[in-house]
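Structural characterization, general
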Amino acid sequence: MNHRYIQLVIITAMALLLTSCKDTMTLDRLSNEPKLVVYCLPSTADTTYINVSRSIAVRNYNDNMRIVDIDNATITYTVNGQPQQVFHRDGGNYYVLAHQNAGDRIAVSVSAPNLPDASGETVIPDTVAVKGIGLHDVRLFNSDYERSEDYYQLTTEFADPSQSRDYYAARVLLMTCADIYSVDDNYKYIVTTDTSYSYRKIYTGSEPIFNPITDIDDDFGFDGDFFGGLPIFSDAAINGTTYKLHINVDPCLNDYKSGLMIELLHLTPEFYHFLESFNSVNNSDFARHGMSQIMPTASNVRGGFGLIGGWNVSHTGYVRRPKNEY
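None of the values given here were measured: they were computed from a predicted structure. (Residues numbered from 1 in each chain as written. Predicted model: local features only at pLDDT ≥ 70, side-chain atom pairs only at ≥ 80, totals over all residues. Heavy atoms only, no water.)

1. Quick notes on the sheet that holds strand E10 (residues 130-142)
Sheet architecture is open: three strands sit in the order E10-E11-E15, paired in antiparallel fashion. Looking at the sheet topology across the chains shown, the edges are occupied by E10 and strand E15 (242-249). Taking each pair of neighbouring strands and ignoring which way they run, the sheet shows an average axis angle of 25 degrees. Pairing analysis gives eight bridges linking strand E11 (residues 147-159) to E15, with the strands arranged antiparallel. Paired with Phe158 across the strands is Tyr243, a residue of E15. (Pairing = 2+ DSSP bridges. Helix = DSSP H or I, 4+ residues; strand = E, 2+ residues; numbered from the N terminus. Axes fitted to C-alpha atoms, helices over the stretch in contact; angles between N-to-C directions.)

In structure tokens:
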């Protein structure tokens, strides 16, 4: 579930990926050069998905255009130099079944008829452990709607490694448990529990590390939203220290069996900068209204576009409401 969620976030981003540049000459040169767009996000999960499509030039793009999937790509996927079998799922979607560990070097190369080859590498990072989880109610003022609103505030701590520059994302997983009552052949009641999982929207107002935007930035049309609702941050301000995260979500526990979990994603630099580049454009009124130069999306794919980015995840246990609160 974890790697699939991130994969969907990044694949959605492909709809926004355009061949881009900073001057007219480059626009003209690239407009006739479609390239491969490759997304692959290796982690320690046993299944790694790869998506392959063709880029769309800026001068040819319109809102009615669809992503052109590449369903006849030839893909080489290696783990520490060892080739792995690549399976075709459908359209431009492929996958690899391979057990992978932190520190493994992943290399992906893709070729397709009439397009330049594309390739890239990444390393799966270590986990950064989170310690404990707290939950309490907070009431915060929403300046946009000029009213106070209730939230659950989740807290956890992690120790940032001091020897490296590190990049993170955070998310909150809700486990919902529902009792289902039925009657057996002997007219005895049977109680079973149906469990489902979903990620919650995070409200970042209580966490400074999520909020680089000042009131002046806001006045000039710069927002602090995160693409896909996934808050990302670097350790630039906390390097080598133990930090306590404060994460707000809507009140959502309606059963004492249900619970909330914090997940801390440790991202490779290329993964972080890829998401950061999307946030920079999406959070600027100037860019959204055509008043900013076209800005390329960060990519580590040679010969093409997209992202080959490693990640790993640590998580807290579930926090629940005491039974006597219901």
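2. Here's the deal with the sheet that holds strand E8 (residues 105-112)
Read across the sheet, four strands follow the order E5-E4-E8-E9 without closing on themselves; strand pairing throughout is antiparallel. Strands at the two margins of the open sheet, each flanked by one partner only, are strand E5 (82-84) and strand E9 (115-123). Each adjacent strand pair in this sheet contributes to an overall mean axis angle of 20 degrees, direction not counted. When strand E4 (residues 74-79) meets E8, the two strands line up antiparallel, connected through six bridges. Among the inter-strand pairings, Val79 is bridged to a residue of E8, identified as Ile106.

3. Side note on unusual backbone geometry
One non-glycine residue, Asn80, lies in the positive phi region at around 50 degrees. On the secondary structure map, Asn80 appears in the loop between E4 and E5. On the accessibility criterion, Asn80 (45% relative accessible area) is partly exposed. (Buried < 20%, exposed > 50% of the residue type's maximum accessible area, 1.4 Å probe, protein only.)

4. Description of the nonpolar core
Among the nonpolar cores identified, the biggest contains 25 residues, and Phe158, Phe233, Leu245, Ile247, Leu260 and Leu264 are the most heavily contacted of them. If you list the elements that add at least two residues to this core, you get E10, E11, strand E12 (167-183), E15 and strand E16 (259-267). With residues near it in sequence (within four places) discarded, Ile247 still touches Tyr152, Gln153, Leu154, Ala170, Val172, Ile202, Phe210 and Ile262. Core analysis: the next-biggest nonpolar cluster, separate from the first, contains 22 residues, Leu36, Tyr77, Val79 and Tyr94 among them. (Core = buried A, V, L, I, M, F, W, Y, C linked by side-chain atoms within 4.5 Å. Contact = heavy atoms within 4.5 Å.)

5. Topic: a nonpolar patch on the surface
The grouping of Tyr181, Val183, Tyr187, Tyr189 and Val191 at the surface amounts to a nonpolar patch, some 690 Å² of accessible area in total. Elements represented by at least two residues in the nonpolar patch include exactly E12 and strand E13 (189-200). Structurally, the position occupied by Tyr187 is in the loop between E12 and E13. (Patch = residues over 30% accessible without salt bridge, like charges linked within 9 Å, V, L, I, M, F, W, Y side chains within 5 Å. Areas by Shrake-Rupley, 256 points an atom, 1.4 Å probe, with all protein chains shown as cover. Salt bridge = Lys/Arg side-chain N within 4 Å of Asp/Glu carboxyl O.)

6. Some remarks on the packing of aromatic side chains
Two aromatic rings, taken as a pair, are described by how far apart their centres are and by the angle between their planes. Tallied over the entire structure, the rule returns nine aromatic pairs. Seen from their ring centres, Tyr151 and Tyr203 are 5.0 Å apart, and the 55 degrees between their planes marks the pair as tilted. Within this pair, whereas Tyr151 is found in strand E11, its partner Tyr203 is found in the loop between E13 and helix H3 (215-219), the two being separated by 52 residues in sequence. By relative accessible area, Tyr203 is classed as partly exposed at 22%. Relative to Tyr272, the ring of Tyr167 lies with its centre 4.6 Å away and its plane at 35 degrees, an arrangement referred to as tilted. In this pair, Tyr167 sits in strand E12 while Tyr272 sits in helix H4 (residues 269-282), placing the two residues 105 residues apart along the sequence. Side by side, Tyr167 and Tyr272 carry an identical accessibility label, which is buried. Of the aromatic side chains, those joined through ring pairs into one cluster are Phe158, Tyr168, Phe210, Phe233 and Tyr243. (Phe/Tyr/Trp six-rings, centres within 6.5 Å; stacked < 30°, edge-to-face > 60°.)

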